[in-house]
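For reference, the chains in residue letters:
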Amino acid sequence: MKQFSLVILSLIISVSLFAQSGQVEVNNSQIPSVYHNIKINDAGFMVFINPETSKEALLFESPDFVNLSDLRNTITGTKKGLKIDLNNENINGIVYFGLYADNDVRFPQPVFFKKTAALEKGVAKIDIAQLAGKYDIANWEEKGVAKLGYRITDDKGQIIYDGKIYAYGTGPFETGLSVVEGPFINLLGSTQVTISFTTNMPSSPYVEVDGKKYEAKQMMGNMKGDINHEILINHLAPDTDYEYTVVFDKVRETYSFKTAPANGSRQAFTFAYASDSREGKGGGERNIHGTNAYIMKKMAAFAVAQNSTFMQFTGDMINGYSTNTNDQVLQYANWRRAIEPFWHYIPFIVGPGNHESLVSAFDDGTKYGKAVDKFPFSTNSGERVFANSFVNPKNGPKSEDGATYDPDENNTDFPPYEETVYHYVYDNVAMIVLNSNYLYTPEHSIIPMIGGNVHGYIMDNQLEWLKETIKMFDKDKNIDHVFVTIHTPAFPNGGHAGDDMWYDGNDSIRPFINGQPVDKGILERRDEFLNIIVNKSDKVLALLCGDEHNYSRMRIDNNISMYPDDYKGKKMKFKRSFWQMTNGSAGAPYYGQQVLPWSSSVEMFSTQYALMLFDIEGKTVNLRVINPDTFDVIEEILLTPESK
Ligand SMILES: [Fe+2]
C-alpha cells in the first residue's frame, strides 16, 4: 500500500514537472517492446539510455504553438464582426480577411479586403461591418450570412493558417455552424464516393445528391454529432456526373463529382502524380506553416484543368517530424486547405513519406534529440495521425505483428498500417500505395541501440501483402496497368544517394526490433521488392516515387549497374524492363543530380516544379510532365507498349 502511494506521489510530481518543462507523461507499460534502452528512470521519468555512454536522455515534447481548434472553432461574434483568440500571447501579427462572393464560382476563394486586422497577443478583431455597400460581394447585408476567409500571419510575415468561417447576422454578428474545411471527394468508385468535411462545432449536417439525403453514421450516444464528417454516397451509376450539396444551418454549398467508369471499361482518362510539397523558401504562400501552399495549389489547379480524374500524392506533404501532435495536425490542415477548392471535385489520394513522421524524442543535447515513431502507437504514432487526417482505403496489411521478429505474439507491438498502405482501382488502372517510413527512426545510425525501421525499408508483412496484391491484380481481367507508388526510390538519383534503398551500397543497413537486427539488409530487400513488381507481374508499368526534390525518369533493365563493387549477396535479373519515375517536385527545396552506378539509365532529369499527367487509353499510356507554375512542357513520352 505504501509502495502504491509512493507511485501515485511520484506520478503527481512528474506530471507537474512535465507541465513546467515540456516533458510528456508516458508510463512504463506504454513503451513499445520493439524499442530498446527506453526506460522509466529512478526519478520516474521516461529516458533513453545510450548504451555506449550510459547517459540518460529525457523524453520531451515541444509546447503547443497554435491549436487548430483555436484557429477556427472558438471564433466568437462581436458587435462589428468576429474575434479570434489563438490562446497564445506570444503571437503578434496581421490578420487579412475578405468575403467569398455570393455566386456560383466553381472554385470558391476569398478576396482579401484592402484593410487588415491587428493580431495582438494572439487576439484579433475582424471588422465585417466595413465590408458593406460596394464591398459586400457576399450579400450579407441582405441575407444575414457571410462566408469569410481569414489569413493569420505573425510579425515576421509568416503565414500560420488560412481559414474560412460563416458569420451570421448584420451586426451584432455571431459564428454559427460552419464548414471550416472541405467538402472533399474521397474513395471515388464507380457506384459510390465518400464526402468528408469538418465543422466548427459538433453537428449532424447532411449531403444531398439527386434529391436524396445522406447522413453520417452517428456513434452510439453521440446526440450532438461530430466535427469531422465522412458521408458515404452510394448506389450511384458509373461514369456519371453528380451535383452534391452540403447542407448546414441556413447554408447550402453545391459542388460536383463524376463517378469512375465501371472497372475495365477502358475509357480514355488522365490521372496526376507528384510528391514533396513541404515548405519551400521564398516567403509568402511557399510556406503556410509547414507546407508549400503556393506550388501545391498550382499542382491541384493544373491537374483539374487538365481533366485529371484523380491525383496521387506520395509523401512529404508537410515538414512534420513534430514531437507535438497538435502541430502535425495543423500542418496537415494547411496542406488540405491549400488545395481544397479543387478537392471539392476530384480525389487527392495521399501516401506517407518520412516527413509525415511524428516522433517521441529524447533530449540528448543534439539538435533534434534521439527520435523514434511516437507512441503509444495505437493513438499517437505517425501512422495513426496520418490515418486520422485523410480518408484512404482500408485494405492494407494490419501491422508487422506476427512477423518472425514480433517480440510478443500475444500483444500488438507495432503501429497500424491502416490508411498508409492500400490499393485502389480506376477503370483499367490499379494503384498500389506503400509506406517506406513505417515505424521510422529518423537517424539510422542510432537504430542498433534504440530500434525501429530505416528510411526506405519495406518490412516483411507489408512485402507479403504487396506480393498477394500484385498477384490479385495480375489475375484481374479488368486491369491492364498497375502502378506501384512509394515515397523512397529504389534507385535514388538526386539528393538521396545516402539513403532510400541504396545507402551508398551498404547492405548492413536494416531495422532493429527489440535489440535484434532483422534478417535482410536494405539491398536484399530492394531486390525482393523489385523481383515482385517486375518479375512476378507483367502489369506493373512504373514505380512512382518521391523524396528527391526533382523529376527523373529511368528505364530499369538488365543493363543497369545496381550493386556495390564488393557485393557478396545474390544479384537479381529482370525478366523485362520497367520505369522508375521520381517526382518530388511539388515545392520542397530542390536537389541536383548525383552520379550513381545507374546514372546512364536516367533518360530525363529536371529540377523544375513538375506535375506528371498519365493519359490512359486502353493499353496505351502516354506521359506528360508539365511545370504547373509556368506551363512549360518538361517532356512527353509514350510509356507503352515497348516497356511491357
Ligand atoms: Fe522524403
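Procedures and definitions
- Residues numbered from 1 in each chain as written.
- Predicted model: local features only at pLDDT ≥ 70, side-chain atom pairs only at ≥ 80, totals over all residues.
- Heavy atoms only, no water.
- Donors = N, O, S within 2.8 Å, 3.2 Å for Na, K, Ca; no water.
- Tetrahedral: all angles 85-135°; square planar, octahedral: opposite > 155°, others 65-115°.
- Helix = DSSP H or I, 4+ residues; strand = E, 2+ residues; numbered from the N terminus.
- Buried < 20%, exposed > 50% of the residue type's maximum accessible area, 1.4 Å probe, protein only.
- Pairing = 2+ DSSP bridges.
- Axes fitted to C-alpha atoms, helices over the stretch in contact; angles between N-to-C directions.
- Phe/Tyr/Trp six-rings, centres within 6.5 Å; stacked < 30°, edge-to-face > 60°.
- pLDDT = per-residue confidence, 0-100.
- Contact = heavy atoms within 4.5 Å.
- Salt bridge = Lys/Arg side-chain N within 4 Å of Asp/Glu carboxyl O.

A word on the coordination of the iron ion. Within the protein, the iron ion binds to Asp316 (OD), Asn354 (OD1), His487 (NE2) and Asp547 (OD); these donor distances fall in the range 1.9 to 2.2 Å. Taken together, the four donor atoms coordinating the iron ion and their angles of 90 to 149° define a geometry best described as irregular. Of note, the donors binding the iron ion are all from one chain and are spaced D-x37-N-x132-H-x59-D. With Asp316 in the loop between β21 (308-314) and α5 (325-343) and Asp547 in the loop between β30 (540-545) and β31 (551-556), this residue pair connects regions lying 231 residues apart in the sequence.

Turning next to the environment of Ala387. Tracing the chain through its elements places Ala387 in helix α7 (residues 382-389). Assessed through its relative accessible area of 4%, Ala387 is described here as buried. In the structure, Ala387 is positioned 35 residues away from Pro352 in sequence and 9.6 Å away in space, judged by C-alpha atoms.

Pairing is mixed across the open sheet formed by six strands, whose spatial order is β22-β21-β20-β34-β35-β36. The open sheet terminates on both sides in strands that have one partner only, identified here as β22 (348-351) and β36 (633-638). Direction aside, neighbouring strands of the sheet carry axes that sit 20° apart on average.

Of all eight residues in strand β18 (residues 241-248), six are buried, a share of seventy percent or more. Across four bridges, the pairing between strand β15 (residues 206-209) and β18 is antiparallel. Across the sheet, Val207 pairs through a bridge with Val246, a residue of β18. As paired strands, β18 and strand β19 (residues 251-258) are joined by eight bridges and run antiparallel to one another. Looking at the pairing, Val246 lines up with Glu253 of β19. Turn length for the β18-β19 hairpin, with the two strands adjacent in sequence and antiparallel, is two residues, and the turn residue Asp249 shows positive phi of about 50°.

With the rule as written, the count across this model stands at 40 aromatic pairs. Aromatic pair Phe271 and Phe483: ring centres 5.2 Å apart, planes at 80°, arrangement edge-to-face. Here Phe483 lies in strand β27 (residues 481-485) and Phe271 lies in strand β20 (residues 269-274), a separation of 212 residues in the sequence. Phe483 matches Phe271 in its accessibility class, with the two residues each being buried. Taken together, a centroid distance of 5.3 Å and an interplanar angle of 20° make the contact between Phe302 and Phe631 stacked. Placement of Phe302 in helix α4 (residues 293-305) and of Phe631 in the loop between β35 (620-626) and β36 is noted, with a sequence separation of 329 residues between them. Under the relative-accessibility criterion, Phe302 is labelled buried at 11%. Here Phe631 falls in the exposed class, since its relative accessible area comes to 52%. Ring pairing ties together the aromatic residues Phe184, Phe313, Tyr332, Trp335, Trp343, Phe348, Phe386 and Phe390, which thus form one cluster.

In the predicted model, the protein carries a mean pLDDT of 93, and the fraction of residues at 70 or more is 94%. pLDDT under 50 marks residues 1-21. Its contacts with residues more than four places away, or in other chains, come to nine contacts.

Before going further, it helps to spend a moment on the pattern of salt bridges. With the rule as written, the count across this model stands at 32 salt bridges. The closest approach of N and O atoms between Arg337 and Glu340, which form a salt bridge, is 2.9 Å. Here the residue Arg337 and the residue Glu340 both occupy positions in helix α5, the gap between them amounting to three residues, near one helical turn. Residues joined in a network through salt bridges with shared partners are Asp460, Lys520, Arg525 and Glu528.

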